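# Reading the structure
This is what each chain is made of:
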Amino acid sequence: MSDSESSTAPLAETHPPAEEEAPPAAVEPLLRRGQRLEQARLQAGLTIADVASRLRLSQAQIEALEQDDLAALPPATFVRGFVRNYARLLKLPVEALEQAPTAGAAASATQPAFTLQPPPSVDALPLDGRASANRRWLGAAVVALVIGAVIGVVRLEHLDGARDLVADQVKGPVGFVLDLFRSKPVPSVAMPASTAPAATATPMTTSVAADPGTGAPGAADPGTGAPGTGAPALPAALAVADAASAAAPSASPPVPAETALANTPASTTVAASGEAGNVLDFSFEGDSWVEVRDSTNTVIYSRTSHAGDIQSVSFRGQISVVIGNARSTHLSLNGADVMLAPHTKVTVARLKLDAAGPRP
Amino acid sequence: MFGFLRGYFSNDLAIDLGTANTLIYVRGKGIVLDEPSVVAIRQDGGPSGKKSIQAVGLAAKQMLGRTPGNISAIRPMKDGVIADFTITEQMLKYFIKKIHDSRMLSPSPRIIICVPCGSTQVERRAIKESALGAGARQVFLIEEPMAAAIGAELPVAEPSGSMVVDVGGGTTEVGVISLGGIVYASSVRVGGDKFDEAVINYIRRNYGMLIGEATAEQIKKQIGSAFPGSEVREMEVKGRNLAEGIPRTFTISSNEILEALTDPLNSIVGAVKAALEQTPPELGADIAEKGMVLTGGGALLRDLDRLLMEETGLPVIVAEDPLTCVVRGSGRALEEMDRLGTVFSSD
């Protein structure tokens, strides 16, 4: 552009200023904007170079203005400004000229004159623009909600667990912990996998295998699990369970689990927590209900058992025991038999016990 | 307490809090207010008496220089920034209430306000606090060159340099903008007020006559010119003769006013040249092709574009409706404020 200016500068000096001698231009309404400008320029006796030097535009831009070649010109805002300056130079009415049709009118109409938005490719970048920032916030909010929900659920479960723990702690100091099959493993090693659910659903132990004295032969004979022979195995029910888990794999594999389950009596171990000192074992020859309360009169065990069942309760301190059918129930404390007859009225035995044995 | 409710019933505003005029754009409606930034204060009962607002805007401007002792007409903005914090707050409150007419709840709009790019942090904070004090819920600041460029419909978001020269009442802002950001901006505290002042001083010096600001502004608008033209215009002016102390009439020509305006105009030209010197060469090439755009009331000074064209050798165009460019640009930013984040300036 500076080249064109320097080349046109001498020309500009040869012509008198356009404002002084330009005649009032007769604008024909049907002419295009560029044609009007060109006509007025020719009437004023100016060359393209003159106009370019006066308006500080390049000659190519002046030609493009006169040919309405919008593609060769800057955005529409600037073109309108150039046209205004050009019209003022030629003393043309600016308003009429701005409303005149242009060859590129259709193109300029479809093309937005101006946008504040960055180009689409830039908009697609995640770091730019408020809209994407909003989306980011939305995503962050959703993630935060999900995390909050998960934490809430976990805390709820933790609270439930804590409640259980509190209950345990309430029971613990007074001596009784009631826990079914939690601290002691189920001797289900010998069972096929298919029977495992049954074993957990009906809490039974293969008491035959649990008798260390009888060992493998006893385990092989389903008959030893009959109610009559179950009693001698009772004193060490808990220790037995552990021993069974170790002994069973070697000693009892030949026994089909189904037959063992079908013929052996059910045995429920009310296992003690670690600190419990005393073990109370019940074995039943007939149906009987049993209720055990601790020193604060809280029921720590209450259940109806059937013939052949073996129950075990761990406790600490003093407890009171009520047995509904004392004649069909054998009771032993830490392995030593407890005579129920002195505490029995009709069929119900009521007695208080501590580590030393029955209390009057 | 009912802030969110009041906000719901308030219209978001863009305000061009100018030294000379305050313009307000309402979202979805356009420019609804264009009033001079003048407040007339009445003081009752002596110097320690109660102050009350007598008039704001056009009515107050008519009082400028014509007030009795107990009324003072004040222009709370000076050089583009707040000169009197309390009065500015009251003026804003008045304008906001005026455009939220017949509302039960007091308005609590979100407001975009233009600030000169050369304003200090303290000055920006003052403008923000003032708008908050006038009841705004949230205030965003936008620098004047950016607002002017958006208002002049320059392609601000494109990777192409655009230069805007906003000649306002108190300041002249020169900005080079590309990709939605300001590459270079400078602000000189020269504007319409300085032109008026220059005219007053010239007449006092050369004619021994004292004229008021309103008269000086009238002379500037009627026969003021920035470049010597073929046509010489004259105007009859009334003022007080300093020697006689009696009002007299005299005639002044456009060439004399051009001479009077030389100093402030040179400051503007200097700022534009400094901006061009500081502009990176690629953007400078864009500006050489497209030219610079003049906005603001000062752009209406006759042949200011011609002066800049001659001084810089670049094309210069005057924006359409240059007086409202800044507020239109702020309004445009307001309309798209949820999608735009980058055009607003921080404190």
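Computed from a prediction, not measured in an experiment: that's the story for all the values here.

### As for the overall build of chain B
Per the secondary structure count, chain B includes 12 helices and 19 strands. For chain B, contacts bridging at least 24 residues in sequence account for 62% of all contacts bridging at least 6. For chain B, the exposed surface amounts to about 14700 Å²; the carbon and sulfur share of it is 50%.

### Some details on the nonpolar core
Counting 49 residues, the largest nonpolar core has I62, L65, Y86 and L90 of chain A together with L154 of chain B as its most contacted members. Of all the elements, helix α6 (residues 76-90) of chain A adds the most residues to this core, at eight residues. Formed by 46 residues, the second largest nonpolar core is a distinct cluster that contains A198, F250, I257 and V272 of chain B.

### Brief notes about the pattern of salt bridges
Applying the stated criterion across every chain yields a total of 23 salt bridges over all chains. Between R27 of chain B and D12 of chain B there is a salt bridge, with its nearest N and O atoms 3.0 Å apart. Here the residue R27 of chain B occupies a position in the loop between β2 (21-26) and β3 (30-36), and D12 of chain B occupies one in the loop between α1 (3-8) and β1 (13-17), the gap between them amounting to 15 residues. Connected through salt bridges with shared partners, the residues R80 and R84 of chain A together with E153 and E320 of chain B form a single ionic network.

### Considering the confidence of the model for chain A
All names here are of chain A. With 49% of its residues at a pLDDT of 70 or more, chain A shows a mean pLDDT of 64. Scored below 50 in pLDDT, residues 169-266 makes 115 contacts in the model with residues more than four places away or belonging to other chains. Counting interchain partners and residues more than four positions distant, the pLDDT-below-50 stretch residues 271-275 has 13 contacts.

### Quick look at the pairing of strand β17 (residues 292-295) of chain B
All names here are of chain B. Of the two faces of β17, both are covered, the one formed by M292 and L294 as well as the one formed by V293 and T295. Summarising the sheet, strand β11 (residues 162-167) and β17 pair through four bridges and their orientation is parallel. Note on β17: the bridge partner recorded for V165 is L294. By the bridge criterion, three bridges tie β17 to strand β18 (residues 316-318) in an arrangement that is parallel. Residue pairing across strands places M292 opposite V316, the latter belonging to β18.

### Structural notes on the environment of I319 of chain A
Tracing the chain through its elements places I319 of chain A in strand β7 (residues 319-323). Here I319 of chain A falls in the buried class, since its relative accessible area comes to 1%.

### Considerations on the side chain of S37 of chain B
All names here are of chain B. Here S37 lies in the loop between β3 and β4 (39-43). Residue S37 is classed as buried on the basis of its relative accessible area, which comes to 0%. Polar side-chain contacts of S37 include one of 2.7 Å to the side chain of T22. Leave out the neighbours within four places in its chain, and S37 touches G18, T19, A20, N21, T22, I74, R75, P76 and M91.

### A few points about the confidence of the model for chain B
A low pLDDT score tells you not to read the predicted coordinates there in detail. All names here are of chain B. When pLDDT is averaged across chain B, the result is 89; 94% of the residues are at 70 or more. The least confident element of chain B is α1, whose mean pLDDT is 56; the most confident is β17, at 96. Scored as a whole, the predicted complex attains pTM 0.60, and scored at its interfaces, ipTM 0.86.

### Considerations on the sheet that holds β18 of chain B
Residue and element names in this part refer to chain B. On the basis of which strands lie adjacent, the open sheet formed by five strands has the order β13-β12-β11-β17-β18 and mixed pairing. Unpaired on one side and paired on the other, β13 (181-188) and β18 mark the two borders of the sheet. If you compare each strand with its neighbour and ignore which way they point, the axes differ by 20 degrees on average. Sitting on the sheet, helix α5 (residues 144-151) touches β11, β12 (172-178), β13 and β17, and the angle it makes with β12 is about 70 degrees.

The rules behind the values
Along each chain, residues carry numbers from 1 onward, in the same order as the chain's sequence is written. Each chain is given a letter, starting from A, and each ligand a number, starting from 1, according to the order in which they appear as written. Local features in a predicted model are, by the rule used here, given only for residues with pLDDT of at least 70; side-chain atom pairs are given and counted only at 80 or more, and totals for whole chains, interfaces and linings are based on all residues. Excluding hydrogens and water, the side-chain figures rest on all heavy atoms present in the structure. Secondary structure elements follow DSSP: runs of H or I no shorter than four residues count as helices, runs of E no shorter than two count as strands, and numbering proceeds from the N terminus. Any two residues whose heavy atoms approach within 4.5 Å at even a single point are treated as in contact. Only the protein chains shown count as cover for residues, and the accessible areas themselves come from Shrake-Rupley with a 1.4 Å probe. In this description, a nonpolar core means a group of buried Ala, Val, Leu, Ile, Met, Phe, Trp, Tyr and Cys residues linked to one another through side-chain atoms lying within 4.5 Å. Accessible area is worked out with a 1.4 Å probe on protein chains only. A residue is then buried under 20% of its type maximum, exposed over 50%, and partly exposed in between. Salt bridges, as used here, are contacts in which a Lys or Arg side-chain nitrogen is within 4 Å of a carboxyl oxygen on Asp or Glu. pLDDT expresses how confident the predictor is about each individual residue, on a scale running from 0 to 100. In short, DSSP must find at least two bridges between two strands for them to pair. Each polar contact in these results corresponds to two N or O atoms within 3.5 Å; when the atoms are within protein, one needs to be able to donate a hydrogen and the other to accept it, and residues that are neighboring in sequence are counted only if both atoms are side-chain atoms. With axes taken as lines fitted to C-alpha atoms, and helix axes fitted only over the stretch in contact, angles between N-to-C directions fall between 0 and 180 degrees.

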